[in-house]
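In case you want the letters, here they are:
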Amino acid sequence: MAKNEPAKFNIFSRAFRDGKGAVAEDPIMDKPSFGNFFKLFKRKFNQIVTMNLFFVAGNFPLLALLGVMAGFFSTDSTAPVHTVFAQFNGVMTHTQNAFVAANLGSMSTQTQIRVMSTGDWILIGIACLAIFTFGPVMTGMSYIFRNMVKEDPIFIKHDFFYAIKRNLKQSIIYGIIDVAVIFFIFYDIVFFNLNYSAGALTSLFFFASLCLAVIYFFMRMYVYVMMVTFDLSIGKLLKNALYFSVLGIKRNSCCILGTIVIIALNLFLVRVFLPIGLMLPFVITVSLLVFLSVYCAYPVIYKYMIEPYYDKDGNPKKTEAQ
């Protein structure tokens, strides 16, 4: 190719190329502030979008849920709106009078429902396989984003699969635990919220579930990052993450506020302009949330687990005894 000939556009080379790199006089880890977050986000925008594509492709079983939501195998039917219709219908078979007949008529209003078929349940079963892919994919993403925050050289495809291969067993086990904990916390919040007025005990459990959700949100910020940084058991990862949920309370709070803003903005776009709102989770929303989490978590890990014991080159510091 001639020296002055313009390079041809290649979408894949743009997606996998490294960013512009760090500015020597403004290293991110020296001051991982609010402003530097946006600087790093701008530098690494291409790779953040690419990692979102890796997340979608890596958790491909979840795409089966789109088939269920679209109703490819479902059938439309009708059902009574009122939940007591069946009881009144049963009474009508034994007692026929004007009162029962009038109420039965008022409760016979029908609504459109979707009846799931065998094909839908098969798709749901396929989607459940994502519990085995979620942890490894999150591990690969956390490794990439940790290196972004450290401003180390990044080779997305190689580094992503390297992190998964190195932590495969542990990432699968914790991924299953992670999905299960998130599911049960979400279920508890919804259940106790729907039964909030049932009594004081139910209200107490609702607020306890919210507190547990916040604590676990703080903890899981650190687990995947520590997994790709240290050789620790899952028990120690969770123990350290619990400590960091308190030690890093300032950065943790910023992370949860940022997460709320990102999700709220995505939901707002769903209401305002549905196509863009639905497209964003497949393009950038998920990876942006993980990137934010790692950006907030790694400086805390570095402060308490790396800086006291290792120098900037990764060599152990000499103690007074040595």
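In the block above lies the structure referred to throughout.
Residues numbered from 1 in each chain as written. Predicted model: local features only at pLDDT ≥ 70, side-chain atom pairs only at ≥ 80, totals over all residues. Heavy atoms only, no water.

**Q** Hey, could you run me through the environment of T109 in this one?
**A** The residue T109 is located in the loop between α6 (98–106) and β2 (110–115) in this model. You can call T109 partly exposed: its relative accessible area is 43%. Remark: the alpha-carbon pair of T109 and T78, spanning 31 residues in sequence, is separated by 9.7 Å. (Helix = DSSP H or I, 4+ residues; strand = E, 2+ residues; numbered from the N terminus. Buried < 20%, exposed > 50% of the residue type's maximum accessible area, 1.4 Å probe, protein only.)

**Q** How do you make sense of helix α3 (residues 45–58) when you look at a structure like this?
**A** An α-helical turn contains 3.6 residues, so a residue and the one three or four places further along point in the same direction. In a regular helix each residue adds 1.5 Å, so 14 residues correspond to 20 Å; α3 covers 20 Å between its end C-alpha atoms and thus fits that length. All of the buried residues in α3 are Q47, I48, V49, T50, M51, N52, F54, F55 and V56. (Expected span 1.5 Å × (residues − 1).)

**Q** I tried to follow a nonpolar patch on the surface on my own but got confused; where do I start?
**A** On the surface, F60, L62, L63, L65, L66, M69 and F282 cluster together into a nonpolar patch covering about 640 Å² of accessible area. Counting residues per element, the nonpolar patch draws most heavily on helix α4 (residues 63–70), which supplies four residues. With respect to the helices, strands and loops of the structure, L63 is situated in helix α4. (Patch = residues over 30% accessible without salt bridge, like charges linked within 9 Å, V, L, I, M, F, W, Y side chains within 5 Å. Areas by Shrake-Rupley, 256 points an atom, 1.4 Å probe, with all protein chains shown as cover. Salt bridge = Lys/Arg side-chain N within 4 Å of Asp/Glu carboxyl O.)

**Q** Just checking my understanding: could you explain the state of the cysteines for this structure?
**A** By definition, a disulfide is the covalent link that joins the sulfur atoms of two cysteine residues. Enumeration over the complete set of coordinates arrives at zero disulfides. You can see C254 has no disulfide; the closest cysteine sulfur is in C296, sitting 6.4 Å from it. Given the relative accessible area of 46%, C254 is considered partly exposed. With no disulfide of its own, C255 has C296 as its nearest cysteine by sulfur position, at a separation of 4.4 Å. For C255, a relative accessible area of 0% puts it in the buried group. (Disulfide = S-S within 2.5 Å.)

**Q** Where do I start with the packing of helix α8 (residues 130–150) against helix α14 (residues 274–306) in this structure?
**A** For any two helices packed against each other, one specifies the inter-axial angle together with the distance between the axes. The N-to-C vectors of α8 and α14 enclose an angle of 55°; their axes lie 9 Å apart at closest approach. By the angle class used here, α8 and α14 are oblique. With respect to the hand of their crossing, α8 and α14 are arranged in right-handed fashion. On the side of α8, the interface is formed by M138, M141, S142, F145, R146, M148, V149 and K150, while α14 contributes S287, V290, F291, V294, Y295 and Y298. For the contact of α8 with α14, a count of residues per class yields ten nonpolar, two polar and two charged. (Axes fitted to C-alpha atoms, helices over the stretch in contact; angles between N-to-C directions. Parallel < 35°, antiparallel > 145°, perpendicular 65-115°, else oblique. Left-handed = near helix turned anticlockwise from the far one by under 90°. Contact = heavy atoms within 4.5 Å. Nonpolar A, V, L, I, M, F, W, Y, C, P; charged D, E, K, R; others polar.)

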